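What follows is the residue order along each chain.
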Amino acid sequence: MGSILIGNIGTLVTGDINEPISRADTIFIDEGVFKEIGTARTTADLVIDARRNMVMPGLIDSHVHPSLGDFTPIQNATNWITNYLHGGVTRMVSAGEVFIPGLNKEHPDPKIFTALALLTGTCYRNYRPGKVKIEAGTLLAVPGLREADFDTVAQAGTRLVKFLFYPYGADPEELERYLGWARDRGLKTKIHSGGVSGPPGGIAQPVDANVILNLVRPDIVGHINGGPIPMSLKDIERVIEESDCFVEICYCGNHSVTLKTMDMICARNQLHRVILGTDTPTGTGVTPRAMLRTLAIVAATDGMTAEQAICMATGSPALAHGLDSGIIHVGKPADLLIVGRIKGTIGETPLEVLRAGNLLGLSMLSIDGQLIIKGASEQVPPPEIGALVEFEA
């Protein structure tokens, strides 16, 4: 894997919400990781002139529903993950592989759901459509799981336990065991919030603030703005005020509630808790631009900056899910985007474009120091002035 030197960077967004902007205007990448942020080097195997465009970490979609490779049965669509790559997504986290045809969700068999986590986790570790990193193999909490099941999936690389259609009031002692087993093995917990989702067949239980705060106490509240139906604003406010969990804003939710939720977050100075996702593919469809659209919606919120919004789509979901990417720091995987203003858009700089609620144009994309998109995306308009490869060995 060759080295990459990116120079003439207009704005460098780090992904770290505590320090979102770097003053560096050059990056040196080697062996798949960021080696130098700010450098006097002039040579590398690949030299890129960013042409004053913005460099930022690759987007991390915190909420997807993969099923079979690059195919999704829920929409009968192929190449959806590769198309999301062309929407700037370099990593995604499964919120449960629930759309396998024939999967019985009304009467879930714990052995089947344990096996499903093992199967999908293993398959997506070995198969990366478009080179996208996919954190799959999420264990869906169903009645009857054993401690050995948590051992098995944790040892196989599962990162997340998702509460989706678990009957919360049926067996409080079992629920407490599940939470303890997950915590002891370093597994993150996420809960579906709001009203039911999907077609009939056991998809999701309605979840309000009482379930979140008093029963599950998750690490992450999934799609707090609705997936697709949100909790009441009063319940959302309670979750923000009475917990310290991460709260996820998703494309598939209610965007009026998105804006109201972000106002609550800003008023309480809780920006570090917000992460972004799509909650797709679902009945909402396959939406390659969904992360960029959600980022633009959030970035237009009063009381915060566009660079903070970028962190909510990069470094913050990495922190929430225990991932090593999402941050442009020395030693981190070199997952990045070079983005700029689209011709005709409002805003003179990429950050001004986001503050206006508009899409960014995607010029180049790297995963683990490998340039995957060079010049133009297949799903997003190009920047008015794109980055340029000056030298390639």
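Definitions and limits used
- Residues numbered from 1 in each chain as written.
- Predicted model: local features only at pLDDT ≥ 70, side-chain atom pairs only at ≥ 80, totals over all residues.
- Heavy atoms only, no water.
- Salt bridge = Lys/Arg side-chain N within 4 Å of Asp/Glu carboxyl O.
- Helix = DSSP H or I, 4+ residues; strand = E, 2+ residues; numbered from the N terminus.
- Buried < 20%, exposed > 50% of the residue type's maximum accessible area, 1.4 Å probe, protein only.
- Pairing = 2+ DSSP bridges.
- Lys, Arg positive; Asp, Glu negative; His and termini not counted.
- Polar contact = N/O pair within 3.5 Å; in protein donor to acceptor, adjacent residues only side chain to side chain.

Caption draft 1: Representation of the pattern of salt bridges. Within the structure shown, the criterion is met by 19 salt bridges. Its salt-bridge partner being Lys133, residue Asp335 comes within 2.8 Å of it at the nearest N-O pair. Of this pair, Asp335 sits in the loop between helix H10 (315-321) and strand E19 (336-340) while Lys133 sits in strand E12 (residues 133-135), placing them 202 residues apart in sequence. A relative accessible area of 9% means that Lys133 is categorised as buried. A salt bridge links Asp368 to Lys133, with the nearest nitrogen and oxygen atoms 2.7 Å apart. Of this pair, Asp368 sits in the loop between strand E20 (361-367) and strand E21 (370-374) while Lys133 sits in strand E12; the two residues are 235 residues apart in sequence, bridging distant segments of the chain. Overall, Asp368 belongs to the partly exposed group, its relative accessible area being 22%. Because the salt bridges share partners, they merge into one network encompassing Arg91, Glu135, Arg159 and Asp324.

Caption draft 2: Structural detail: the pairing of strand E7 (residues 54-57). As paired strands, strand E2 (residues 11-13) and E7 are joined by 2 bridges and run parallel to one another. Looking across to E7, one finds that Thr11 is bridged to Met54. Bridge count between E7 and E19: 4 bridges; the pairing is antiparallel. Along E19, the bridge assignment pairs Met54 with Val339.

Caption draft 3: Examining the side chain of Lys105 more closely. The residue Lys105 is located in the loop between strand E11 (89-94) and helix H2 (110-126) in this model. Of the buried charged residues, Lys105 lacks a salt bridge, with Glu106 as the closest side chain of opposite charge at 8.8 Å. Only 3.2 Å separates the side chain of Lys105 from the backbone oxygen of Val98, close enough to count as a polar contact.

Caption draft 4: Region of interest: the sheet that holds strand E15 (residues 188-192). Read from one edge of the open sheet, 6 strands run E13-E14-E15-E16-E17-E18, paired in parallel fashion. The open sheet has two edge strands, strand E13 (139-140) and strand E18 (274-277), and neither has a second partner. Sheet topology places E13 next to strand E14 (residues 160-163); 2 bridges connect them, and they run parallel. Within the sheet, the bridge partner assigned to Leu140 lies in E14 and is Lys162.

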